[in-house]
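# Structural overview for review
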Amino acid sequence: MMLRSAFFLLFLSIVSFLVGCKKDPAQHEALARQHCGGCHLFPDPNLLPNNVWEKDVLPYMALRLGLDDDVKKIRKLNANDLKVKAQKPLISKEDWQKIKEYYLGLAPKRLTPLAPFQKAALIEKQFEIRPLFSPIEQEMANVTCVRIDEVNKGVYVADEVNNTVWLMDAAGQPVKRFGGQPAVSDLQFLDASHKNLLVTYIGETVKVTYNANGYAQTVNMGQKSANNASLLLTKLLRPTQTLQQDLDKDGQPELITCEFGVLEGRFSVWKKNAGGNYEATVLSATPGAMHTVVVDWNKDGLPDLMTLFAQGDERIVLYLNKGNLNFEEKILLRFPPVFGSSYFDVVDINKDGRLDILYTCGDNADYSILFKPYHGLYIFENQGKEQFRQQFFYPIDGAYKVAPADVDADGDLDLVSIAFYDDIDTNPQTNVLYFENQKGKFKPWSIPIGRMGRWLTLDTGDIDGDGDIDFALGSHPLGLTPGRMRGTWAHNGLMGAYLLNLRK
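Procedures and definitions
- Residues numbered from 1 in each chain as written.
- Predicted model: local features only at pLDDT ≥ 70, side-chain atom pairs only at ≥ 80, totals over all residues.
- Heavy atoms only, no water.
- Helix = DSSP H or I, 4+ residues; strand = E, 2+ residues; numbered from the N terminus.
- Rg over C-alpha atoms; globule rule 2.2 N^0.38 Å.
- Buried < 20%, exposed > 50% of the residue type's maximum accessible area, 1.4 Å probe, protein only.
- Contact = heavy atoms within 4.5 Å.
- Areas by Shrake-Rupley, 256 points an atom, 1.4 Å probe, with all protein chains shown as cover.
- Lys, Arg positive; Asp, Glu negative; His and termini not counted.
- Charge placed at Lys NZ, Arg CZ, Asp CG, Glu CD.
- Salt bridge = Lys/Arg side-chain N within 4 Å of Asp/Glu carboxyl O.
- Pairing = 2+ DSSP bridges.
- Phe/Tyr/Trp six-rings, centres within 6.5 Å; stacked < 30°, edge-to-face > 60°.
- Lys NZ or Arg CZ within 6 Å of the ring centre and 35° of its normal.

What follows covers the overall build of the protein chain. Summing up its helical and strand segments, the protein chain has seven helices and 29 strands in all. In terms of C-alpha radius of gyration, the protein chain reaches 25 Å, essentially the compact-globule figure of 23 Å for 504 residues. Taking the principal axes of its C-alpha atoms as reference, the protein chain extends roughly 105 × 55 × 50 Å. Counting across all 504 residues of the protein chain, residues that qualify as buried make up 52%. Partitioning the intrachain contacts of the protein chain with sequence separation of at least 6 by distance along the chain shows that 52% fall at a separation of at least 24. Split by element, the accessible area of the protein chain, about 23300 Å² in all, is 52% carbon and sulfur. Between the centroid of the 54 positive side chains of the protein chain and the centroid of its 62 negative side chains there is a distance of 7 Å.

Now the structure itself:
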């Protein structure tokens with residue numbers, strides 16, 4: 001009798017174990033990694049809450065794999081869905097159900113906000129805040145680019161809604177304008193006098209489009225009308241940046257373009273041929289290229305390229321220049337596809353002779369619109385041999401850009417950050433932050449610019465010619481706006497603001 005009872009208990013244990021295994025969503029991890037970690041870094045279930053996975057992200061992932069049942073349960077398929085959907089299923093419905101069980105079974109109900117190691121105190125004496133108002137009273141200004149012109153002591157401000165690029169002086173008054181073009185995403189100076197500009201237009205607006213209607217041109221600001229433009233590149237896929245650099249050292253500069261795109265995008269180098277036209281060498285045919293820094297990484301005398309990609313396969317890539325426009329690609333850092341990479345820069349932040357990486361993530365306009373505890377400002381310290389270690393993180397909702405500069409003139413680099421998708425209603429004190437470098441430790445300060453605008457763009461330089469570093473910000477209130485401030489921004493005429501450095 002006792003023996004039969006023992007066997008019965010053993011049988012129950014085995015059945016319970018098998019049932020438990022069957023219900024354990026972790027058993028499908030290998031399958032999830034196979035299908036969800038091939039074209040980008042594998043996203044852990046803990047990165048998003050359960051309801052966001054179920055209602056937003058997983059249905060879109062299913063479309064990418066050729067299955068539309070999940071989307072149809074929520075809404076009708078639209079034209080954009082059909083562009084995303086794979087032509088034929090790349091996974092069986094049974095395996096997709098297992099992947100859903102994995103994510104929905106392991107995802108948290110909600111994300112826990114991450115408290116910063118040090119709350120930002122209000123700074124009152126470092127900067128003079130000078131609001132920048134639109135010179136015209138038409139539609140609400142919606143700024144897509146700002147660029148400080150140190151030579152002429154002014155700032156270029158590109159207003160997408162009114163199709164105008166203004167050159168404003170240090171007092172915030174208009175000096176010159178050129179217009180009639182769509183949304184400007186980037187502006188570079190081509191000569192020492194800053195009269196010739198290289199201007200990139202993302203398209204008719206910054207809104208998502210599958211049309212290749214972006215372009216790049218030069219504008220001669222030395223002309224009276226400032227409308228003397230020469231077209232360089234056309235039919236670009238939502239370009240975010242164009243640079244000019246002699247990469248092959250033949251005395252003739254090439255063009256470098258980041259085409260962010262949507263489903264299609266490119267990162268390319270353009271060489272002018274004998275007929276005067278530019279021909280592209282595509283270094284990456286993936287979408288998401290958004291910002292490039294030119295630097296001689298290995299100090300061999302040839303300019304190398306470092307590029308941030310977002311939108312899916314989020315990564316920072318080094319392109320080592322091997323000569324004759326041949327490049328070796330090395331991925332330095334890779335991030336999950338929900339991070340919302342927004343900007344990066346390279347500086348020697350710790351003065352050890354190696355370039356470190358500053359990085360922000362906070363783009364929050366796609367399939368997982370919620371505040372995320374991993375959004376913020378990161379510093380990755382160069383360990384040598386193209387290896388990096390995270391040395392600093394400060395949580396910032398919707399972090400969008402960081403600018404390094406020696407603000408207090410003490411010989412080290414401080415940081416200023418802006419946030420675009422921030423919690424403007426309840427936490428406006430974090431949308432513009434100053435990080436004071438105190439012997440390698442960063443003390444956060446809140447700049448009292450609060451709810452004045454919605455900050456998409458940031459540039460650094462000496463605006464007023466007094467020998468210190470200032471900052472220019474552009475306000476972009478249109479689009480997805482968290483909080484209740486859009487009505488106020490619509491009527492205050494604000495384009496942006498100057499942070500004029502008062503120094504200590």
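Enumeration over the complete set of coordinates arrives at 19 salt bridges. With a shortest N-O distance of 3.1 Å, Arg147 and Asp186 are connected by a salt bridge. Separated by 39 residues along the polypeptide, Arg147 in strand β3 (residues 143-149) and Asp186 in strand β7 (residues 183-189) bring together distant segments of the chain. On the basis of relative accessibility, which here comes to 16%, the residue Arg147 falls in the buried class. Between Asp459 and Arg147 there is a salt bridge, and its shortest N-O distance comes to 3.4 Å.

In this section: the sheet that holds strand β26 (residues 441-446). Sheet strands pair via backbone hydrogen bonds, and the direction of the pair is either parallel or antiparallel. What the five strands build is an open sheet, ordered β1-β26-β25-β24-β23; its pairing is mixed. Each end of this open sheet is capped by a strand with a single partner; those strands are β1 (121-122) and β23 (399-405). Summarising the sheet, β1 and β26 pair through two bridges and their orientation is parallel. Residue pairing in the sheet places Ala121 in a bridge with Trp445 of β26.

Our focus in this paragraph is the packing of aromatic side chains. Counted according to the given criterion, the structure contains 28 aromatic pairs. Taking 6.1 Å as the distance between ring centres and 75° as the angle between the ring planes, the aromatic pair formed by Phe127 and Phe471 counts as edge-to-face. Remark: Phe471 occurs in strand β28 (residues 470-475) and Phe127 occurs in strand β2 (residues 127-133); sequence separation between them is 344 residues. Considered together, Phe127 and Phe471 belong to a single accessibility category, that of buried residues. Between Phe339 and Tyr374 the ring centres are 4.8 Å apart and the planes differ by 10°, which places this aromatic pair in the stacked class. On the criterion of sequence distance, the pair formed by Phe339 in the loop between β18 (326-335) and β19 (341-347) and Tyr374 in the loop between β20 (356-361) and β21 (376-384) is long-range, its members being 35 residues apart. Side by side, Phe339 and Tyr374 carry an identical accessibility label, which is buried. What links up through ring pairs into an aromatic cluster is the set Phe335, Phe339, Tyr359, Tyr374, Tyr378, Phe380 and Phe393. Of note, Arg454 hangs over the ring of Tyr421, and the distance from its end group to the ring centre comes to 5.3 Å.

A few words now on unusual backbone geometry. Excluding glycine, residues mostly carry a negative phi; peptide bonds, for their part, are mostly trans. Phi is positive for Asn324, close to 55°, though the residue is something other than glycine. Along the chain, Asn324 turns up in the loop between β17 (314-323) and β18. We classify Asn324 as exposed; its relative accessible area is 68%. With phi around 55°, Lys439 is a residue other than glycine that occupies positive phi space. Its location among the elements puts Lys439 in the loop between β25 (432-438) and β26. Take Lys439: its relative accessible area is 84%, and that puts it in the exposed class.

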